[in-house]
Amino acid sequence: MTRIAFIGGGNMARSLIGGVLKHGGHAGSISVAEPRAYSCQELAREFGVATYPQNVLAAEGADVLVLAVKPQVMPAVCKELKHVVARSRPLVVSIAAGIRIAQIERWLGGPQAVVRCMPNTPALIGAGATGLFANGRVGPPQRALAQHLLDSAGLTTWVPQEEDLDVVTAISGSGPAYFFLLAEALEAAGVAQGLSPETARALAAQTALGAGRMLTEGNEPAATLRERVTSPNGTTQAALESFAMDHFNLIVARAVDAATRRAEAMSAAMDAQS
């Protein structure tokens, strides 16, 4: 069995562990490092996995090492693990936003097989979207391992350049918040027009679900689907014209650019700190 060690037992790690087990993985092959005692107890009770309060104990002998900690603690965590990694040479999988492979290798003490990935919060319900990039030391079997791990949480797609993960972060990593913001705005607008909050929320949420399924379950581009909803001089056209007057496309483009630039700045800041 492939041994997988998760360094960090937060929400994203929990979603990946649950997905691996749901897709035929074995609890006995998974270990988790989590400093909070109550979280260790919950993980062991819910998934039957081995839990450890210390990172080194969980990582010992792992084939895959999943770094699921916050970016600001990544340098210290990697430096703590470098001797274990030097002995067992696992595939290192990082889900930390803005942390470059070169930084991970430096903190771990030298060249490593590393896959960086950017999942998003819908992974918690198996509906995630994850971008992945592998460095040149990752062979086909390890690449397949990483994809299998992330496939358990939803859709995966490989990008050809590591820099592309900054855009992935801006589109899908941060993207759920954009849709939640639109849902909030639709709910508020519905209430302002006389609907009850419960009705407005139900309609906004189900509309988002339905539109998402049409995008993912069919082959038509978003523009075609939008055009099919838009009757000449109808209600949808009136709304879309209002969006256009407020430069909706430009608003979205500026937001994605801001998120992309922030991902780049986070990496630079980590370099400055370490």
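In this report, the structure presented in the accompanying data block is examined. Only a predicted model underlies this, so the values are computations on that prediction, with no experimental measurement involved.

1. Describing unusual backbone geometry
Most peptide bonds take the trans form, and the phi angle of most residues other than glycine is negative. Even without glycine at this site, Asn-233 takes up a positive phi of about 60 degrees. Of note, Asn-233 is situated in the loop between helix 10 (222–229) and helix 11 (235–245). Notably, His-247 is not glycine yet its phi reads approximately 60 degrees, a positive angle. With respect to the helices and strands, His-247 occurs in the loop between helix 11 and helix 12 (248–273).

2. Points about helix 5 (residues 101–108)
Helix 5 sits mainly inside the fold: six of its eight residues count as buried. Along helix 5, the residues classified as buried are Ile-101, Gln-103, Ile-104, Glu-105, Trp-107 and Leu-108. Taken from the residues just after helix 5, Gly-109 is the one with a positive phi, measuring 100 degrees.

3. Overview of the packing of helix 4 (residues 74–88) against helix 5
Relative to each other, helix 4 and helix 5 sit at 55 degrees, their axes nearing to 7 Å. Our classification of the angle between helix 4 and helix 5 gives oblique. Across from Met-74, Pro-75, Cys-78, Lys-79, Leu-81, Lys-82 and Val-85 in helix 4, the residues of helix 5 making contact are Ile-104, Trp-107 and Leu-108. Class assignment for the residues of the contact of helix 4 with helix 5 results in eight nonpolar, no polar and two charged.

4. Examining the pairing of strand 6 (residues 114–118)
Strand 6 sits mainly inside the fold: five of its five residues count as buried. Burial along strand 6 is two-sided: Val-114, Arg-116 and Met-118 and Val-115 and Cys-117, pointing in opposite directions, are all buried. Sheet topology note: the strand 5 (residues 91–94)/strand 6 ladder contains three bridges and is parallel. Residue pairing in the sheet places Ser-94 in a bridge with Arg-116 of strand 6. In this fold, the crossover linking strand 5 to strand 6 by way of helix 5 has right-handed handedness.

5. With respect to the packing of helix 8 (residues 175–192) against helix 9 (residues 197–217)
Contact geometry for helix 8 and helix 9: axes closest at 8 Å, N-to-C directions at 140 degrees. By the angle between their directions, the pair helix 8 and helix 9 is classed as oblique. As for the relative orientation of helix 8 and helix 9, their crossing is right-handed in sense. Within the contact between the two elements, helix 8 uses Ala-183, Leu-186, Glu-187, Gly-190 and Val-191 and helix 9 uses Pro-197, Ala-200, Arg-201 and Ala-204.

Rules used in this analysis
- Residues numbered from 1 in each chain as written.
- Predicted model: local features only at pLDDT ≥ 70, side-chain atom pairs only at ≥ 80, totals over all residues.
- Heavy atoms only, no water.
- Helix = DSSP H or I, 4+ residues; strand = E, 2+ residues; numbered from the N terminus.
- Buried < 20%, exposed > 50% of the residue type's maximum accessible area, 1.4 Å probe, protein only.
- Axes fitted to C-alpha atoms, helices over the stretch in contact; angles between N-to-C directions.
- Parallel < 35°, antiparallel > 145°, perpendicular 65-115°, else oblique.
- Contact = heavy atoms within 4.5 Å.
- Nonpolar A, V, L, I, M, F, W, Y, C, P; charged D, E, K, R; others polar.
- Pairing = 2+ DSSP bridges.
- Right-handed = clockwise from strand over helix to strand, strands pointing away.
- Left-handed = near helix turned anticlockwise from the far one by under 90°.

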